[in-house]
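Now for the letters of each chain:
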Amino acid sequence: MGRKLAVIGAGLMGSGIAQVSAQAGWDVVLRDVTDAALTRGVDGIKASYDKFVAKGKLDADDAGAALARIRTTTDLDEAADADIVVEAVFERLDVKQDIFRTLDGLVKDDAVLASNTSAIPITKIAAATQRPERVVGAHFFSPVPMMQLCELVRGLKTSDETLARTREFAEGIGKTCVVVNRDVAGFVTTRLITALVVEAAKLYESGVATAEDIDTACRLGFGHAMGPLATTDLTGVDILLHAAENIYTESRDEKFAVPELMRRMVDAGDIGRKSGRGFYQH
């Protein structure tokens, strides 16, 4: 397998995937629609490498070499010679389908087209292409340099070879993989965290317990590193709401029906750490 990677989307996820891949020796082209977004992404990568160097976890020369393996562009055509493409843009099916439709006409016949989606069925994304067997889910976790997990998702037509190549790539950049064999909305991890978040938010909304006590119960009772409501504030109340709605639309399973409180929080702009207030004051 070649060592050329294209990452579409230079946000927190995309830049993190680019960072760990370049560190593992991949030549990376990082694409976004604006130069400002690319500058933010690369600045974040530099800052992260600097932290690893300061902590003695990465050699300064290796960090410099890794950064040199990342180039940026606003032109999707730059993905044409990639062996693997990882899409990491906003969680909207139409946006992702547009990108995959364009990539389908650009990339090599044997290129793997992977989506970092956390909730949208891979089969729906793959349907925008003429090569659904080459499309796969590669759901990384934030922050990518710190989180070891990668959830690999088979679409209805994803080939064994595509899954194997994606696994080889993910393991090669230091991730441990779990495989989702049936393309259900939300896969394994997003379904589990969303079900927990929805129930926690309902308990909080109805005054059963405080946010702090609900989170403490999950941390100390279940060994979770972070409680569900603190996780929601970190990820974004809007992001969790969107994921839950995607899963509910597909499954009609009532456990994914979010409480009204979460909708009102998003309406008010109380979406967590990035706004200064969510279930907690930040």
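The structure displayed is predicted, hence computed values, not measured ones. Numbering of residues starts from 1 in every chain and runs along the sequence as written. Only residues with pLDDT of at least 70 are given local features in this predicted model, and only at 80 or more are side-chain atom pairs given and counted; all residues enter the totals for whole chains, interfaces and linings. The side-chain figures draw on all heavy atoms in the structure; neither hydrogens nor water molecules are used.

(A) Focus on the sheet that holds strand β1 (residues 4-8). Pairing within the open sheet is mixed, and its 8 strands lie in the order β3-β2-β1-β4-β5-β6-β7-β8. In this open sheet, the two strands that pair with only one neighbour each are β3 (70-73) and β8 (176-180). Here the average twist between neighbouring strands, direction ignored, is 25°. As judged from the 4 bridges shared by strand β4 (residues 84-87) and strand β5 (residues 112-115), these two strands associate in the parallel manner. Residue pairing for β5: Val85 is matched across the bridge by Leu113. Sheet contacts for helix α1 (residues 12-23): β1, β2 (27-31), β3, β4 and β6 (135-140); angle to β2, the most-contacted strand, approximately 170°. Strand pairing is defined by DSSP finding a minimum of two bridges between the two strands. Put simply, DSSP marks the helices as runs of H or I at least four residues long and the strands as runs of E at least two long, and each gets a number from the N terminus on. For helices, the axis comes from a line fit to the C-alpha atoms of the stretch in contact; other axes are also lines fit to C-alpha atoms, and the angle between any two N-to-C directions lies between 0 and 180 degrees. Contacts are residue-level and defined by heavy atoms, with any inter-residue pair within 4.5 Å sufficient.

(B) Spotlight on the packing of helix α10 (residues 237-251) against helix α11 (residues 260-268). Look at α10 against α11: their axes get within 9 Å of each other, and the N-to-C directions meet at 135°. Viewed along their axes, α10 and α11 adopt a mutual orientation that is oblique. Our pair here, α10 against α11, has a crossing hand that is left-handed. The segment α10 lies against α11, with Val237, Asp238, Leu240, Leu241 and Glu245 engaging Met262, Arg263, Met265 and Val266. Counted by class, the contact of α10 with α11 contains 6 nonpolar, no polar and 3 charged residues. Under this scheme an angle from 65 to 115 degrees is roughly perpendicular, one under 35 degrees roughly parallel, and one over 145 degrees roughly antiparallel; angles in between are oblique. Crossing handedness: left-handed means the near helix sits turned counterclockwise from the far one by under a right angle, and right-handed means the same turn made clockwise. Residue type decides the class: Asp, Glu, Lys and Arg count as charged, Ala, Val, Leu, Ile, Met, Phe, Trp, Tyr, Cys and Pro as nonpolar, and the leftover types, Gly among them, as polar.

(C) Fine view of α1. Multiplying 1.5 Å by the helix residue count minus one yields the expected span of that helix. Between its first and last C-alpha, α1 extends 17 Å over 12 residues, near the 16 Å set by a 1.5 Å rise per residue. Burial analysis of α1 places 10 of its 12 residues in the buried class, the great majority of the element. With a 1.4 Å probe rolled over the protein chains alone, any residue whose accessible area is under 20% of its type maximum counts as buried; one over 50% counts as exposed, and the rest are partly exposed. Three or more residues of α1 are buried, namely Met13, Gly14, Ser15, Gly16, Ile17, Ala18, Gln19, Val20, Ser21 and Ala22. Backbone geometry just downstream of α1 places Gly25 in the positive-phi region, at approximately 105°.

(D) Molecular detail of the environment of Glu250. In this fold, Glu250 is placed in helix α10. When the C-alpha positions of Glu250 and Val184 are compared, they lie 8.3 Å apart, and in sequence the two are 66 residues distant. Excluding residues within four positions of it along the chain, Glu250 makes contact with Pro121, Lys124 and Ala185.

(E) Examining the pairing of β5 more closely. By the alternation rule, side chains of β5 split into Val112 and Ala114 and Leu113 and Ser115, which are all buried. Orient the strands so they point away from the viewer, and a crossover whose first-strand-to-second-strand path over the helix runs clockwise is right-handed. Crossover handedness for the path β4 to helix α4 (residues 93-104) to β5: right-handed.

(F) Layout of the side chain of Thr194. If you trace the backbone, Thr194 turns up in helix α7 (residues 189-205). Those residues in contact with Thr194 that lie beyond four places of it in its chain are Leu240, Ala243, Ala244, Ile247 and Phe256.

(G) Layout of the packing of aromatic side chains. Paired rings are identified among Phe, Tyr and Trp, the last through its six-membered ring, by centres lying within 6.5 Å, and are further divided according to the angle between planes into stacked (under 30 degrees), edge-to-face (over 60) and tilted (the rest). Here the structure, examined in full by the defined rule, presents 3 aromatic pairs. Seen in terms of ring centroids, Trp26 and Phe169 are 5.1 Å apart; in terms of plane orientation they differ by 80°. Their pairing is edge-to-face. Of the two residues, Trp26 sits in the loop between α1 and β2 while Phe169 sits in helix α6 (residues 160-172), which places them 143 residues apart along the sequence. The residues Trp26 and Phe169 share a single accessibility class, namely buried.

(H) Spatial organisation of α10. Over its 15 residues, α10 runs 21 Å from end to end, which matches the ideal 21 Å to within 8%, given 1.5 Å per residue. Every buried residue of α10 is accounted for by Val237, Leu240, Leu241, Ala243, Ala244 and Ile247. Down the axis, α10 shows its buried residues gathered within 165° of arc, on one side only. Looking at the buried residues of α10, the elements they touch are α7, α9 (228-235) and α11. Along the arc lie the directions from the helix axis toward the C-beta atoms.

Coordinates in, geometry out; function isn't part of it.
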